[in-house]
Structures are given as structure tokens and as C-alpha cells.
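# A closer look at the structure
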Amino acid sequence: MSPRADPRPGVAYRRPDGDPSRVVLESAGDPALPIEDLPLDAWLEVVHPEDRDRLRAEIDDGDVDVAYRIDRDGDDPTWVHEHGRRTEDGDVIGYLLPAYERIERQRRLEQQRERLEEFASVVSHDLRNPLSVAVGNLELAREFDGDDAVERIDRAHDALDRMDELISDLLSLAREGRSVEATAEADLRVIVDRAWATVGRTANAELVVEEPLPRIECDRNRLRQAFENLFRNAIEHGSDDGFDGGVATVDDAADTDRQVDPDGVRVFVGRTDDGFYVADDGPGIPEEHREEVFEPGHTTAEEGTGFGLAIVERIVEAHGWSASVAESHAGGARFEFAGVKRHEDPGGAAGDDAASEATAGDTGSPSAE
């Protein structure tokens, strides 16, 4: 049979006598579903073992509407959607189609399952520990008077504060898994300054911005939260004493390698060929642990919740970007974000946008020195 000029998606098939082991192709192949090289007279041999009974049951019913996996040596399983009906002579005729929707639905279900496992882990472990501390200290407070009782209540209060912080981060982690619904062109420098105003101005840290930062397509509020978490992570892991929350601007990335006070941390932000980076001159992240830093609950800070960088990754993925970790020029951590849609500044527009955004809120945002 010669192929039609405009074939419809999928492959027309017939199962003689409704035999689940036999497939006869009645139309030209579909490039999205290459099955011609499979054993058509021993079809069940290539069907995934876990799906064979379900396929048999559908064919026995007469009306077939089922998705199942086809195993190929050395390849990931191919999902097939079989849709057919039984004829008067007992054959089953219909179409074999690529199961795009089924694959996407399965992917979403797997992601939801992973999220639920993350949340269950936090609820069963991370929240249970401070709850036990709070309950224990409140019980002891009943047995004491005066300052001893107050001390126990204070410890319980600290534990409850810890729980509140964990719950807030957990909710943020859940929300940031949503797709970005609305993006707009924004001045990255404005977003960086606003995030630093929230996190870094009172810390023992200095922000060094490599100019010019690009204008990018993003959700400003969610990206600001990502920067806040990145800044907070750098400060918590690298700051002690020494800086006063200042902001500096450099014209060349090489300037960021200058010597700094060993008791403070310097945080760098700059552009890359296809995005931007956030780096610091702290202790850095060992190469063998760089794949773990975005995992929920992973932290080396005594007071950290382990959700800050996981939230960053969710925000980045929601924008369609990618994140990676490397070593900075100063020996600290460097987070790179690629695949960012940039808008070239036509000249003066960035300053106008920055000024308009500054008047909309956060009037305390720092300016470059």
C-alpha cells in the first residue's frame, strides 16, 4: 500500500481475530512511532511485562483505548496509545499513536510524587525535632519557678520560631513549583539592588556588581526571591565580621579578585554570554557536593533550613532557565544561570525603568557607589 500524500498521525493497524500477539500494519509508518522493525507477529514480547495483562484485557473487551510501553533494547520505553474496535468478523482495527499526553501526564505525576515525598520528609523529621524540643521545655517549665521557668519557655519559643521558619520555606518551595504565568522585560540591576536591600545591607557583606547587567524577561518578584536566597546563602556561609553592607560597582570581572577582609564576604553579580551569575569569596562548595546543594533539606549551616537553594532552582526552572554550580574566581561558590532571554538596552532605557520601579516601592534600595 502506497503512503497517502497527507497521512494522519499514527499507524493504522489490524489484529486478526483480536489476537493480542499479532499486529498487521495497514498504513505507512509514522516517524514519531517507528515500529516497523519490531516483531509484529510476537507483539506481546515487546510490550512491557507490567503492561501486558492490561493490553490483553482491553482487547478482550472489544473496544480498545489503552496506553502501554514498548521496550527496545538499550533505549527508554516508548509509550504507545492504542485505540481500536472489534469488527463483525472478530478482527480489531484502529490506530497506534504516540502517547504524548500520557507521557506528559506521567511526568507531572512523578514530579508531584517527588514533591509529596519531600514534604513528608520535612513533616516527619525536620518539624518533629523542634516540636519535641518545644513540648519538652514547656513540660519542664511547669516544674520550675522564676528565671528557670522563663528560660524553658524561651527555649520553647525558639523551637517554635524554628518551626515557623521551616513551614514558611516549605510553603515557598511548594509555590515556586508553579509555572511562571506572567513575565515582563525588567532591569536586572534593579532586581539585584532590591534583593540586596532586603538581605545584605545590614550584614557583614559587600555586593560587587559587574556592569552593565542586562535587561531580561522574567517574573520580577519571583526572581527577586531567588536573589535574596542566593545572597542569604553566601552571607550565612561566608560572613563573620568586617563589612557594613556596602555596594560597589566594577567595570571588569577581574576587579572582583582583589583582596578582602577575611572576616567578611563579598558577593559578586555579573552577566555571562547567555545569562548571569552570582558568586562569592567564601569557603566555596566542594566539587563532590555541588550536585546536592539544590536538594531540599540540604544545608551545612547550623541555623539553615536547607530550602533556600531548592527554592532558587524551582524559580529558575519555572522560567525555563538552567542553574549550575562552579568555583568563583576568588575561590568561593559561583552560581550560573543560563538560557535567559535578554533585551539589549537601547540606551537610557534601563535608567528610566530603574527610576520608575524605584518609585513603585522599596525606596531604600541601595545605589552603586
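The name that an unreviewed UniProt entry assigns to the protein chain is histidine kinase, with the source organism given as Halorubrum glutamatedens. Word for word, the UniProt comment on the protein chain under Catalytic activity (unreviewed entry) is "ATP + protein L-histidine = ADP + protein N-phospho-L-histidine."

### Examining the sheet that holds strand β4 (residues 78-86)
Ordered in space as β2-β1-β5-β4-β3, the 5 strands form an open sheet in which the pairing is antiparallel. At either end of the open sheet lies a strand with only one pairing partner, and these are β2 (24-25) and β3 (64-70). In this sheet, β2 lies alongside strand β1 (residues 11-15) in antiparallel orientation, the contact comprising 2 bridges. Its bridge partner being in β2, Tyr13 is matched across the sheet by Leu25. Taken strand by strand, helix α1 (residues 52-61) contacts β1, β3, β4 and β5 (92-98), and its axis lies near 155 degrees from that of β3.

### Quick notes on the side chain of Asn233
On the secondary structure map, Asn233 appears in helix α6 (residues 220-238). With residues near it in sequence (within four places) discarded, Asn233 still touches Leu309 and Phe335.

### Describing unusual backbone geometry
The omega torsion of the bond from Glu211 to Pro212 falls at -5 degrees, within 30 degrees of zero and hence cis. In this structure, Pro212 sits in the loop between β7 (205-210) and β8 (215-218). Unusually for a residue other than glycine, Asp17 sits at a positive phi of about 60 degrees. Within the secondary structure layout, Asp17 lies in the loop between β1 and β2.

### A closer look at the nonpolar core
Residues Leu223, Phe227, Phe231, Phe276 and Phe335 are the most contacted members of the largest nonpolar core, which totals 40 residues. Sorting the residues of this core by element identifies α5 (188-199), β7, β8, α6, β10 (265-272), β11 (275-280), α7 (308-318) and β13 (333-338) as the ones contributing at least two each. If you tally residues by element for this core, the top one is α6, at 7 residues. If we ignore the near neighbours within four places in the chain, the residues touching Phe335 are Leu230, Asn233, Phe276, Tyr277, Val278, Ile285, Val293, Phe294, Leu309, Ser324 and Val325. If you look at the next biggest cluster of nonpolar residues, it comprises 19 residues, including Val23, Ile35, Ile59 and Val92.

### Digging into the environment of Asp158
Residue position: Asp158 is located in helix α4 (residues 146-175). Asp158 gets classed as exposed once you look at its relative accessible area, which sits at 51%.

### What to know about a negative patch on the surface
Judged by side-chain charge, Asp154, Asp158, Asp161 and Asp164 come together as a negatively charged surface patch. Its location among the elements puts Asp164 in helix α4.

### Side note on the packing of aromatic side chains
Tallied over the full model, the rule gives 5 aromatic pairs. Relative to Phe231, the ring of Trp196 has its centre 5.2 Å away and its plane inclined at 80 degrees; by these criteria the two rings are edge-to-face. One end of the pair, Trp196, is in helix α5; the other, Phe231, is in helix α6, with 35 residues separating them in the sequence. Summarising the aromatic geometry, the rings of Phe276 and Phe337 are spaced 5.1 Å apart at their centres and angled 35 degrees between planes, so their arrangement reads as tilted. Here Phe337 lies in strand β13 and Phe276 lies in strand β11, a separation of 61 residues in the sequence.

### Section: the sheet that holds strand β6 (residues 184-187)
Strand order in the open sheet formed by 3 strands is β6-β8-β14, with antiparallel pairing between adjacent strands. The open sheet is flanked by β6 and β14 (342-343), the only strands paired with a single partner. Along the sheet face, α5 touches β6 and β8 and points at about 65 degrees away from the line of β6.

### A short note on the pairing of β3
Of all the 7 residues making up β3, 6 are buried; the element is thus mostly covered by neighbouring parts of the structure. Bridging between β3 and β4 involves 7 bridges; their strand directions are antiparallel. Among the inter-strand pairings, Val64 is bridged to a residue of β4, identified as Gly84.

### A word on the pattern of salt bridges
Inspection of the entire model under this criterion finds 15 salt bridges. Put simply, Glu185 and Arg215 hold a salt bridge, and the shortest N to O gap is 2.7 Å. A residue pair is termed long-range when its members are at least 10 positions apart, and Glu185 in strand β6 and Arg215 in strand β8 qualify at 30 residues. Given a relative accessible area of 6%, Arg215 falls into the buried group. Among the salt bridges present, the one from Glu206 reaches Arg266, with a minimum N-O distance of 2.6 Å.

### As for α7
Taken across its 11 residues, α7 has 8 buried, putting it largely inside the fold. Considered for burial, the residues of α7 that qualify are Leu309, Ala310, Ile311, Val312, Arg314, Ile315, Val316 and Ala318. Positive backbone phi, at 85 degrees, marks Gly320, one or two positions downstream of α7.

### Here we look at the environment of Glu228
Relative to the assigned elements, Glu228 resides in helix α6. Considered as a pair, Glu228 and Val199 are 29 residues apart in the sequence and their alpha carbons are 6.1 Å apart. Leaving out residues up to four positions away in the same chain, Glu228 has contacts with Ala195, Thr198 and Val199.

### Notes on the side chain of Asp187
One can find Asp187 in strand β6. Salt bridges are absent for the buried Asp187, whose nearest opposite-charge side chain, Arg215, sits at 4.7 Å. At 3.0 Å, the side chain of Asp187 and the backbone nitrogen of Arg189 are in polar contact.

Criteria and thresholds
Residues numbered from 1 in each chain as written. Predicted model: local features only at pLDDT ≥ 70, side-chain atom pairs only at ≥ 80, totals over all residues. Heavy atoms only, no water. UniProt positions renumbered as here; feature names shortened; annotations may be inferred. Pairing = 2+ DSSP bridges. Helix = DSSP H or I, 4+ residues; strand = E, 2+ residues; numbered from the N terminus. Contact = heavy atoms within 4.5 Å. Axes fitted to C-alpha atoms, helices over the stretch in contact; angles between N-to-C directions. Core = buried A, V, L, I, M, F, W, Y, C linked by side-chain atoms within 4.5 Å. Buried < 20%, exposed > 50% of the residue type's maximum accessible area, 1.4 Å probe, protein only. Patch = residues over 30% accessible without salt bridge, like charges linked within 9 Å, V, L, I, M, F, W, Y side chains within 5 Å. Areas by Shrake-Rupley, 256 points an atom, 1.4 Å probe, with all protein chains shown as cover. Salt bridge = Lys/Arg side-chain N within 4 Å of Asp/Glu carboxyl O. Lys, Arg positive; Asp, Glu negative; His and termini not counted. Charge placed at Lys NZ, Arg CZ, Asp CG, Glu CD. Phe/Tyr/Trp six-rings, centres within 6.5 Å; stacked < 30°, edge-to-face > 60°. Polar contact = N/O pair within 3.5 Å; in protein donor to acceptor, adjacent residues only side chain to side chain.

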